[in-house]
Structures are given as C-alpha cells and as structure tokens.
Amino acid sequence: MLFVDNGSSDGSLQIIKKLSQQDPRVRYISLSRNFGHQGALFAGLSYSHGDAVIMMDADLQHPPFLIPDIVRLWQEGFEVVYTKKRNHLLSGWRLRQVQMFYWILSKLSGLKLSFGQSDFCLLDRKVIDVILRVPEYRKFLRGMVEWVGFRQVGLEYDVSERYAGQSKFSYGSLISFALDGILSFSFIPLRWSLVVGMLVACVCLLYGAFIVILGALRLFGTDMPLPPGWADITVSIMFLASVQLIAIGFLSEYVGRIYEQAQGRPIFIVKTSSDDEGTACLKQ
C-alpha cells in the first residue's frame, strides 16, 4: 500500500508514518506542497513497483471490496480495468456541469470517456511505463489512459458516502480540470476560432456589398434610404472584438501550456518518503 500525502496539514502524515512502522508493506511519499489531484496520482504511479497498480481515493468513496473483482479481470488479460459510477452523489447544477464536461470532452477530443468514469482503476505495469514516459507537463490521466489503448474493460460500482472530511475539489479546480482535459487532447477550439472568423468575415463582406449597392442606387436617383450607421458600426465592432478576444483566449491557453512544457519544471516534488530517498524532483 502506497499513500501519497499531497501537502496535507491535518496530521495525516503522522498517522501514515505510524502505520508504515507497524507494517513494512505500507509505504508513503509526502509532497512538498499540494500539487493538485493529477500531480498526486502521477507521484504515486512514479513510486509504485508492482506488476499492476490500483489507484484509489482515501475517503472510502471508492469501495475496497471491489478490488478482488478488479484484480480478477486483470488476471484474465485486461491491461486496464477502469470503473464507472452507477450512482452519483452530485445533484443540481453541479451534476449538469460534470455531465456537460464529459460530453464536450468526448465530442472535441474523440476520446470515449463517459460520465461517471473516475481515476479509480487498475493499470498494468506496461501501461504505467508508457504513460510515465510521455514527456507532457499537464497530463490528464483519464484521457491518457483511454488514449494509450491496450485491452480495457469497465466495471460499475456504487459511490459510498465520504468517510470523513470535506472535498477540497473546488469549482475553480473543476474548471481547471476540464480545461486540461479538453486542451490536452483537442485543437478544435482553435479551428472553431478560424471557422467563426471566416463566417464573420463573410457576413461583413456581404453587409459591405449591400451598403455599396444602396449607395450606387442613390447615385442613380433612387430614394433608397441608407442605414443610420452608428448602431450597426457599434454592434459590428463589439462583435468582431469579442470574436478576436475569444480566439486570443484559446490561443493563450495553448501557448501557456507550451510555456509550462518549455520550463521543464517537475509535476511534483517529494519532500520525504518511506524509502528514505530524500528530496526528488520527477517530471514523469
């Protein structure tokens, strides 16, 4: 059992250390600060040694009694055994947001991720080695597990109530998680910007041609009235400016990820571990 202490401040590390002293099969790594949900998962994968690894949250919402079934499927030859939630504790607008995220991600990226899929899964060692060798800074684990392929199978489970504490996964974290998933596996937002820009340009050209035709008709003595102009100009400028800002925003997100990749910073830093390996900086 390998526990990842993601910069906690509630005494969890002391409890884990005590468990490790009582049972050598219990190992731990403690990160120098909170590196986010994905950072903690990749830290655990990087320090794991088994032929297969099962990732689980510590709040017992991922039922431990499902582990024998997961291992059985792995022994039958599946390299990835992912899980899907049969029931959902979310409700209302937050539930709709999560459903929308998975729908948009599947449509934009081509990944076959379904609502209810979680990071509670088993990965074969060969799958882990491939994922860790991918030189990508912002790794979206669920998408990457589906993207690498191999033989995969799903298993449904009922979500249990949280054993203790409250979720630290804020609304901002959900938005960042969604952006990482969409932008890591899709260039369609950039293509949408190009398509919208071309459509706006066509509309503007048609409108410009319409104004020219009206002006030409007035020169030939017709009483065709010209548009007042101020409202049209204001709306056109604001619309074009908003389209440009949206396109720049998408482009900035991709450029920002390129900048983070070029910096070469580790996705997590280990402060201490049960293996007494000292401080370690790992990118993969």
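Up top is the structure.
Note that the structure is a prediction, hence the values are computed from the model and not measured.

Caption draft 1: Focus on the overall build of the protein. Within the protein one finds 9 helices and 8 strands. Across the 284 residues that make up the protein, the buried fraction comes to 33%. Total accessible area on the protein is roughly 17,300 Å²; 63% of this is exposed by carbon and sulfur atoms.

Caption draft 2: A look at the side chain of Ser30. As for its placement among the helices and strands, Ser30 is situated in strand β2 (residues 27-31). By relative accessible area, Ser30 is classed as buried at 1%. Side chain to side chain, Ser30 and Asp5 meet in a polar contact 3.1 Å long. In contact with Ser30, other than residues within four places in its own chain, are Asp5, Leu13, Ile269, Val270, Lys271 and Thr272.

Caption draft 3: Local environment of the side chain of Arg27. If you trace the backbone, Arg27 turns up in strand β2. Contacts of Arg27, omitting those with residues within four sequence positions, involve Met1, Leu2, Phe3, Tyr47, His49, Ser274 and Asp275.

Caption draft 4: Quick look at the nonpolar core. Counting 25 residues, the largest nonpolar core has Phe42, Leu45, Met55, Leu123, Ile131, Leu141 and Phe268 as the members making the most contacts within it. Element by element, the count of residues in this core is highest for helix α2 (residues 36-47), at 5 residues. Excluding its chain neighbours within four sequence positions, the residues that come into contact with Phe42 are Ile131, Leu132, Lys139, Leu141, Ile267 and Phe268. Leu66, Leu73, Phe78 and Val81 belong to the second largest nonpolar core, which has 11 residues in total.

Parameters and conventions
- Residues numbered from 1 in each chain as written.
- Predicted model: local features only at pLDDT ≥ 70, side-chain atom pairs only at ≥ 80, totals over all residues.
- Heavy atoms only, no water.
- Helix = DSSP H or I, 4+ residues; strand = E, 2+ residues; numbered from the N terminus.
- Buried < 20%, exposed > 50% of the residue type's maximum accessible area, 1.4 Å probe, protein only.
- Areas by Shrake-Rupley, 256 points an atom, 1.4 Å probe, with all protein chains shown as cover.
- Polar contact = N/O pair within 3.5 Å; in protein donor to acceptor, adjacent residues only side chain to side chain.
- Contact = heavy atoms within 4.5 Å.
- Core = buried A, V, L, I, M, F, W, Y, C linked by side-chain atoms within 4.5 Å.

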